[in-house]
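# Commentary on secondary and tertiary structure
The primary structure of each chain is shown beneath.
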Amino acid sequence: MEAIKAARAVVEEHHPSARAAFLGGSVVTGRRTATSDLDIVVLLYGAPAPYRASLQHAGWPVEMFVHTEATWHGYVERELRKRRSPLLWMCADGLLLFDRDGLGARLAAQARKLTAAGPPPVPAEEIEDRRYAITDLLDDLAGSNDQGEHLFIATELVRRTGELALAIGGSWSGGGKWLARRLETAAPGLSTRLHHGLHEVLSGRAEALVTVVDEVLEQAGGRLWVGYKRAGSLGTTLRNPLTPS
């Protein structure tokens, strides 16, 4: 069953009285693969929203994100602070399947406006946390003689370096394939160099990866270790700098 027809059928089956619905993801962006699913945002008047569900329909894997108007705004606001909003992009780039009262058009316009404006600035403290975490990983890589450790250290370095490049470039972030796609636009060539560096590490040579990681670090102020400090207090959990929020 064709993607748009299948998506409409899913919404009709599960939420026939929905106000609006969007079909987003790879099936509408020209990056469709054999394993692409239907990412569907559904807008309801009330309960049982909000919820997320994974299901199968006519051979299609489906991810359904169900919201009210109020919860849509709440989730987007929360995701914006992380500079990574899948919900926003599904509505900005997605296909409006139907719109019974104009809500879909309003949210689509707002989503396009917000994505075009870009994410909020990255706090200086977060950049320091990221520099510290990457410096720590570089030290681990230099000090380890275990090839198994090299795999996981280098893989983590690649991911965190990509995220730092997007942060200092004022770009939207992403995870998994979306990290690679964001880097294509924000930092052309970086993903290729990181891939090459990772391959070199697995062959016993760390220099290429260290070089590209240090180049990205220099744009943010360089490696950071001595002088790094974060305050904590009894009754609170000190944020782990290796997992910046």
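What you are looking at is a predicted structure, and each value in this text was computed from that prediction instead of being measured.

Bringing the nonpolar core into the picture now. Counting residues in each nonpolar core, the largest one holds 25 residues, and the members touching the most others are Ile134, Leu157, Leu164, Leu183, Leu190, Leu209 and Val213. Counting residues per element, the ones that place at least two in this core are helix H5 (124–143), helix H6 (147–168), helix H7 (177–186), helix H8 (190–202) and helix H9 (207–220). Per-element tally for this core: the top contributor is H6, with seven residues. The contacts of Leu164, once residues within four sequence positions are left out, are Ile127, Arg130, Ile134, Val216, Leu217 and Ala220. In terms of nonpolar packing, the next biggest core, distinct from the first, is built from 20 residues, Ala7, Val10, Ala18 and Ile40 among them.

It is worth spelling out the pattern of salt bridges at this point. When the charged atoms of two side chains lie near each other, side chains of opposite charge can form a pair. Here the structure, examined in full by the defined rule, presents 16 salt bridges. The closest approach of N and O atoms between Arg205 and Glu200, which form a salt bridge, is 2.9 Å. On the basis of relative accessible area, Arg205 is assigned to the partly exposed category, the value being 39%. Residues Asp214 and Arg223 are paired through a salt bridge, measuring 2.9 Å at the closest nitrogen-oxygen approach. Here the salt bridges do not stand alone but share partners, grouping Arg83, Glu126, Arg130, Glu156, Arg159, Arg160 and Glu163 into one network.

Okay, a nonpolar patch on the surface next. Together, Leu151, Phe152 and Leu202 give the surface a local cluster of nonpolar side chains, amounting to about 300 Å² of exposed area. Look at Leu151 and you get partly exposed, because its relative accessible area is 33%.

The next subject is the confidence of the model for the chain. When the pLDDT values of the chain are averaged, the result is 91; 91% of them are 70 or greater. The least confident element of the chain is H7, whose mean pLDDT is 90; the most confident is H9, at 97.

The next thing to look at is a negative patch on the surface. Side chains of Asp139, Asp140, Asp146 and Glu149 sit close together on the surface and give a patch of like negative charge. Structurally, Asp139 can be placed in helix H5.

What follows concerns the packing of H5 against H9. At a closest axis distance of 11 Å, the pairing of H5 and H9 adopts a crossing angle of 155°. By the angle between their axes, H5 is roughly antiparallel relative to H9. Two packed elements cross with a definite hand, and for H5 against H9 that hand is left-handed. Where H5 abuts H9, its residues Ile127, Arg131, Ile134, Leu138 and Leu141 lie against Val210, Val213, Asp214, Leu217 and Ala220. Here the residues of the contact of H5 with H9 sort into eight nonpolar, no polar and two charged.

With eight of its nine residues buried, strand E4 (residues 60–68) lies for the most part within the structure. As judged from the seven bridges shared by strand E2 (residues 38–44) and E4, these two strands associate in the parallel manner. Note on E4: the bridge partner recorded for Val42 is Val66. Sheet topology places strand E3 (residues 51–57) next to E4; seven bridges connect them, and they run antiparallel.

To continue, consider unusual backbone geometry. With an omega of 10°, the peptide bond running from Ala47 to Pro48 counts as cis. Summarising the element assignment, Pro48 is placed in the loop between E2 and E3. Cis rather than trans, the peptide bond between Ala49 and Pro50 has omega equal to 0°. Looking at the element boundaries, Pro50 is found in the loop between E2 and E3. With a phi close to 60°, Arg83 is a non-glycine residue in the positive phi region. With respect to the helices and strands, the residue Arg83 is situated in the loop between helix H2 (69–81) and helix H3 (86–93).

Parameters at a glance
Residues numbered from 1 in each chain as written. Predicted model: local features only at pLDDT ≥ 70, side-chain atom pairs only at ≥ 80, totals over all residues. Heavy atoms only, no water. Core = buried A, V, L, I, M, F, W, Y, C linked by side-chain atoms within 4.5 Å. Buried < 20%, exposed > 50% of the residue type's maximum accessible area, 1.4 Å probe, protein only. Helix = DSSP H or I, 4+ residues; strand = E, 2+ residues; numbered from the N terminus. Contact = heavy atoms within 4.5 Å. Salt bridge = Lys/Arg side-chain N within 4 Å of Asp/Glu carboxyl O. Patch = residues over 30% accessible without salt bridge, like charges linked within 9 Å, V, L, I, M, F, W, Y side chains within 5 Å. Areas by Shrake-Rupley, 256 points an atom, 1.4 Å probe, with all protein chains shown as cover. pLDDT = per-residue confidence, 0-100. Lys, Arg positive; Asp, Glu negative; His and termini not counted. Charge placed at Lys NZ, Arg CZ, Asp CG, Glu CD. Axes fitted to C-alpha atoms, helices over the stretch in contact; angles between N-to-C directions. Parallel < 35°, antiparallel > 145°, perpendicular 65-115°, else oblique. Left-handed = near helix turned anticlockwise from the far one by under 90°. Nonpolar A, V, L, I, M, F, W, Y, C, P; charged D, E, K, R; others polar. Pairing = 2+ DSSP bridges.

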